[in-house]
Structure formats: structure tokens, C-alpha cells
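Listed here are the chains, written in short residue letters.
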Amino acid sequence: MADSSGRNPQSPGFTEKLKSWLCWSWTYICALWFAMVLTMVYVLRSPLKLQETVNAASVFLNTLTPKFYVALTGTSSLISGLILIFEWWYFRKYGTSFIEQVSVSHLRPLLGGVENSSSVGLFSSVNGDTDCYFLFLSECKVWRNPLNLFRGAEYSRYTWVTGKEPLTYYDMNLSAQDHQTFFLGDTQQLRPEDSVMQKAWRERNPQARIRAAYQAIELNRECAAAYVLLAEEEATTITEAERLFKQALKSGRKLSHSGKDTNLVVYIKRRLAMCARKLGRIKEAVKMMRDLMKEFPLLGMLNIHENLLEALLELQAYADVQAVLAKYDDISLPKSATICYTSALLKARAVSDKFSPEAASRRGLSTAEMNAVEAIHRAVEFNPHVPKYLLEMKSLILPPEHILKRGDSEAVAYAFFHLQHWKRAEGALNLLHCTWEGTFHEVSVYPKKELPFFILFTAGLCSFCAMLAMLTHQFPELMGVFVKAFFSTLFAPLGFFADKMENFMPSCLWHQLTNV
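The structure presented is a predicted model; accordingly, all values stated were derived computationally and were not measured. (Residues numbered from 1 in each chain as written. Predicted model: local features only at pLDDT ≥ 70, side-chain atom pairs only at ≥ 80, totals over all residues. Heavy atoms only, no water.)

(A) View of a nonpolar patch on the surface. Residues F86, W89, F98 and V102 make up a contiguous nonpolar surface patch of about 340 Å² in total accessible area. Looking at the nonpolar patch, the elements that each hand over two or more residues are α4 (66-94) and α5 (98-110). Positionally, F86 belongs in helix α4. (Patch = residues over 30% accessible without salt bridge, like charges linked within 9 Å, V, L, I, M, F, W, Y side chains within 5 Å. Areas by Shrake-Rupley, 256 points an atom, 1.4 Å probe, with all protein chains shown as cover. Salt bridge = Lys/Arg side-chain N within 4 Å of Asp/Glu carboxyl O. Helix = DSSP H or I, 4+ residues; strand = E, 2+ residues; numbered from the N terminus.)

(B) Focus on helix α20 (residues 367-382). Compared with an ideal rise of 1.5 Å per residue, which puts 16 residues at 22 Å, α20 spans 23 Å between its outermost C-alpha atoms and is within 8% of the ideal. Every buried residue of α20 is listed here: E369, A372, V373, A375, I376, A379, V380 and F382. (Expected span 1.5 Å × (residues − 1). Buried < 20%, exposed > 50% of the residue type's maximum accessible area, 1.4 Å probe, protein only.)

(C) Geometry of the packing of helix α18 (residues 337-349) against helix α22 (residues 408-424). Running from N to C, α18 and α22 point in directions that differ by 25°, and their axes come no closer than 10 Å. Considering their axes alone, α18 and α22 lie roughly parallel with respect to each other. As α18 runs across α22, the sense of the crossing is right-handed. Side by side, α18 and α22 meet where A337, T338, Y341, T342, A344 and L345 of the first sit next to E410, Y414, H418, H421 and W422 of the second. A per-class count over the contact of α18 with α22 returns six nonpolar, four polar and one charged. (Axes fitted to C-alpha atoms, helices over the stretch in contact; angles between N-to-C directions. Parallel < 35°, antiparallel > 145°, perpendicular 65-115°, else oblique. Left-handed = near helix turned anticlockwise from the far one by under 90°. Contact = heavy atoms within 4.5 Å. Nonpolar A, V, L, I, M, F, W, Y, C, P; charged D, E, K, R; others polar.)

(D) Structural context of the packing of aromatic side chains. Taken as a whole, this structure holds six aromatic pairs when the rule is applied. The interplanar angle of 40° and the centroid separation of 6.1 Å between the aromatic rings of F86 and Y90 together place this pair among those described as tilted. In this pair, F86 and Y90 are both assigned in helix α4, four residues apart and thus about one turn of the helix distant. Residue class for Y90 comes out buried when judged on its relative accessible area of 9%. Relative to Y414, the ring of Y341 has its centre 5.5 Å away and its plane inclined at 40°; by these criteria the two rings are tilted. In this pair, Y341 sits in helix α18 while Y414 sits in helix α22, placing the two residues 73 residues apart along the sequence. One exposure class covers both Y341 and Y414, and it is buried. An aromatic cluster of at least three residues, connected via ring pairs, comprises F86, W89 and Y90. Directly above the ring of Y169 sits R204, whose terminal nitrogen or CZ lies 3.9 Å from the centroid. If you follow R349 out to its NZ or CZ, it ends over the ring of Y318, 3.8 Å from the centre. (Phe/Tyr/Trp six-rings, centres within 6.5 Å; stacked < 30°, edge-to-face > 60°. Lys NZ or Arg CZ within 6 Å of the ring centre and 35° of its normal.)

(E) Representation of unusual backbone geometry in the model. Residues other than glycine seldom take positive phi values, yet E392 does so here, at roughly 60°. In this fold, E392 is placed in the loop between α21 (386-390) and β2 (402-404). Of note, the phi angle at R406 is positive, near 70°, even though the residue is not glycine. Here R406 is to be found in the loop between β2 and α22.

(F) Quick look at the UniProt feature "transmembrane region" (unreviewed entry) in the chain. Per the UniProt record, "transmembrane region" (unreviewed entry) is found at residues 21-44, 68-91, 451-472 and 478-497. Secondary structure over residues 68-91 splits into 100% helix and 0% strand, and the C-alpha atoms at its two ends are 34 Å apart. Spanning residues 451-472, this segment combines 91% helix with 0% strand, and its end C-alpha atoms are found 31 Å apart. (UniProt positions renumbered as here; feature names shortened; annotations may be inferred.)

(G) Expanded view of the nonpolar core. By size, the foremost hydrophobic cluster in this structure holds 91 residues, and its most contacted members are M197, V228, F245, I268, Y341, L390 and W422. Per-element accounting of this core gives the leading share, nine residues, to helix α14 (residues 259-278). Leave out the neighbours within four places in its chain, and Y341 touches A379, V380, N383, V386, P387, L390, Y414 and W422. With five residues, the next largest nonpolar core counts L147, L149, Y155 and L167 among its residues. (Core = buried A, V, L, I, M, F, W, Y, C linked by side-chain atoms within 4.5 Å.)

(H) Quick look at the packing of helix α16 (residues 304-315) against α18. Direction vectors running N to C along α16 and α18 enclose 25°, while the axes themselves pass 11 Å from each other. Between α16 and α18, the interaxial angle falls into the category roughly parallel. Both α16 and α18 take part in a crossing whose hand is left-handed. Facing α16, whose interface residues are H305, E306, L309 and L313, α18 presents T338, I339, T342 and L345. Of the residues in the contact of α16 with α18, the class split is four nonpolar, three polar and one charged.

(I) The environment of G152, seen in detail. Along the chain, the position of G152 falls in helix α8 (residues 151-162). For G152, a relative accessible area of 2% gives the class buried. Between the C-alpha atom of G152 and that of L229, which follows or precedes it by 77 residues, the distance is 9.8 Å. Here G152 is in contact with W160, E232, E233, A235 and T236, once residues within four sequence places are set aside.

(J) Representation of α16 in the model. In this model, α16 (twelve residues) spans 17 Å end to end at C-alpha, consistent with the 16 Å of a helix rising 1.5 Å per residue. Burial runs high along α16: ten of the twelve residues are buried. Considered for burial, the residues of α16 that qualify are I304, H305, E306, N307, L308, L309, E310, A311, L312 and L313. Looking one or two residues beyond α16, the residue adopting positive phi is Q316, at roughly 60°.

(K) Quick look at the environment of L147. Here L147 lies in the loop between β1 (142-144) and α8. Here L147 falls in the buried class, since its relative accessible area comes to 10%. Taking the C-alpha atoms as reference, L147 lies 9.2 Å from E310; in sequence the two are 163 residues apart.

(L) Molecular detail of the pattern of salt bridges. In the structure shown here, the tally under the stated rule is 15 salt bridges. The shortest N-O distance in the salt bridge between R277 and E314 comes to 3.6 Å. Of this pair, R277 sits in helix α14 while E314 sits in helix α16, placing them 37 residues apart in sequence. Residue class for R277 comes out buried when judged on its relative accessible area of 17%. Note on E314: relative accessible area 22%, which makes it partly exposed. Through salt bridges with shared partners, one network takes in R151, R209, E233 and E401.

Structure follows, in C-alpha cells:
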């Protein structure tokens, strides 16, 4: 045991050194390698008969007819068009570029890039790495939805009724990465059941994930991660999910001897609190959340306080809500729609029951009304998409498992759970409507969704090749002259390079190298 623990810290260091060496070699030696290849090709041009090959290629190009160039450019346009159609379809379905995703996921780690930094940073502070915690918080854009639904007991109902999937593959893929990082940790210390679960989280088919979970339980009856997967995806009711989570907690406590097992226990306790909230045992849920926040005070990035705020609002314990806001509504901490709009709700609730736009325009706003209006302004400035959902000007959909801060997905997630609390406060929605309508006529689209680079690149390539095909078809002789001039210009530097090499190198050495 001691031996293995002594070797483990060295292997990651060697791997990092190897990656950094590869990155350095690609950055600084690539030019030297390219120059050496060019030199060797030129030195061996006589044995390789490069001059004859170049002359034969020139003769071949001169004999090509314009029809060949029309076919060549037309085929290039067709291929790039097909790539463009596929990229556009993939972007519309999954929200990202296929080529870019493959490059980032598979090529970037090989070249020494950062691999899945969001998932690594998200859970590192659970084990005490607080140095990078606050740096990560300021840079993170995509967050796990703290109130995300249960797949088997809630999301699946939508699939049963409509036959459509409520979650995108991109969203589920992020969840799979979170689970692997949060539950499994260091891949070099995996137990056999952990290896099975690592594959289970990556499976796209829900039934395949469930089968893998049962396989892990066969290997170890105390595999807590397997029970978590079954609670999330196989359980069709919250009661059944709660039973499986309790079994997972019992197993997790027995094996809680490392950081990854601690992470797993934290996740299970949070989901058990959410089960209690959904089953109507709200006070029990509040106690569980408070105990969890007290036991693990560094879990701010998991946003458990947002679960607590929603449960306290359901209890109408507004004084406790204000106490939580006073702790987390700090300028040094990252904001959220829940923090901003809950603060606005409390201030609006104090004046909304007697608020009248006509009376306010005649006598002016009181201090309390001004504070409520300013709180609403602050909330709308943070996320301008929320009011349309709270005012039911846009239809609500099921919230995703991940949200984009200040984006439409965060607005959906907030309104889905908090609309009932705004309706419960008499006049709060009316005050929100008057303030938002009078100040924010145009809702900003933040963040603006831009087309990926490769879609623009393939669109430009397709258009350029199509234009060349059309010009070659319409003006064959002119385009033939242009192509010959282009290749002559292209091969001119090679002749210039050869002349300079002959003048630079000694004649005796040059003849010895070229007459090998």
C-alpha cells in the first residue's frame, strides 16, 4: 500500500512533463523540422528525380482541359457544401461546432492544452483547494443548475407524453463529465466498480447506463455511485428515488475514506434534501440543507443556498430568506438570478400590496418603493430574460441541467421554480411589470450567440469553390491562363531556393551530395 501510494504522485508529474515537452516541441521545433525536411528533399532531388517529376507535373497541368477544372472546383464546392450542411445541422441540434468540439476534446489535450477545466475547477474546493476556487468563480460561465430535476422521476414524464427528449446531448454530456470528475476523481486509483461506472456515465443510451449500474453493484454491493445513477434515471417516482439515495448514502458512508467518496456523500445528501422538498417535508429539507452548508462551508460554488432560498420561500420564512441573502448577496461573490430576483421580491413584497402606478406618478415614490424599484432594476440588469417568464409573456419549458449565467437558460430555471413565490406576494408581479415596462423596453440578448468559426469557414470555402467553378465554365480560356500563371508563381520560389543553395554551398560538397 505504501509503495503504491509512493509511486502515484510521480506518474502524474511524468505525464505533465511529457505533455509540456510535446507542447514545447510543437511550438519551437516545428519550424526547424520543416526546414530540415525541405533541405533533405532538395539534397536528394537527383535520386528522387524531383526535377523530372516537377517537369512532368507542369506538362500534365498544361494539357488539362477547362472541363477538368470545372469538375475539380465543382466537386470541391459540393464537398464543402456537404460539410457546411452537416456543421449547421449539428450546431442547431447541439449548440456547438462538431469540428471545434472534436478539436477541443481530442486534439487539444494531446498538444498540452487544458482538459475540461470547468469540471476540474468546479469540485476542487470540496477537498480544500481554495487557492484556485475564487479565481474559478470569476471565470465560470456554465453552471450546473442547483435545482435540476430528476431524469427518471421528472424529465422522463415529458418523454412519455410527447415522445421527445427534454435534454440536449450537450447538456447530458456536461453532466456526465461532472459525475466522472465529482464521483471518480483520480482515474489511476479506480476500483473495478468505479471503472464500470466511469463507462456508465459516458453511455448515451439510458438503458445502457442502468445496465452498467447493476453490473457495478454485482461487483460491489456497496457501490454508492451505482445507486445514485439508479436513483437519478431508473426511479420513476420521487419516493423511489429517495429510497435509492438513502441506500447510496448508507453505502457511501461505509466507503467514505477519500475525497471522491466525500464528494459523493455531499451530492447524495443534497439530492435527499431535494427529495424531501418535493415530497412536502419542507422543514426537514431546510434542516438538511443547513446542516450540509454548516458541515461543508466551502461548498458555495455548488449553490446549495439557492435550494435553501427556494425552500424558505415556500415556508414563507422571509426573515430567514433575508438572513441567507445577507450572507451570499456580496459583491465579492458571483451573482445569480436567484440571488438578485429574490432580493427584489423581498423588497417588492413590502410595498407591492398598496402600490399604484397612478398614485406613485402623482406623489412620487416613497423610500421603500424606491428601494424596491432599484432592486428590480438591479435584477433585470443582471438577467433581462427573467421578467418575460415571470409575467408569463413567454411559455415556460423544463429547465436544463446546466445554465448559462445571465442567459435565457438561467431565466427558465429561475422562473420554473420561483414563479409561484412571486404570485403569492400580492402585487409583486404588478410592480415588476410596471418597473420593467417603464425602464426596459428592449430586452438585451445576452450573451449573444455567435456562429462557430468552422461554419463561417466552410460557407466561405463552398462559395469560393462554386464561384471558381462558374467562372471556369463561363471563361475557360481566361481561367486556364490564370491557373498556369498561378502554378508558375507557386513553383518560382523553389527554383530561387535551388539557385541560392548552389551559390551558398561549396561546389565540391554540393556535387557529392547531389550525385549520391
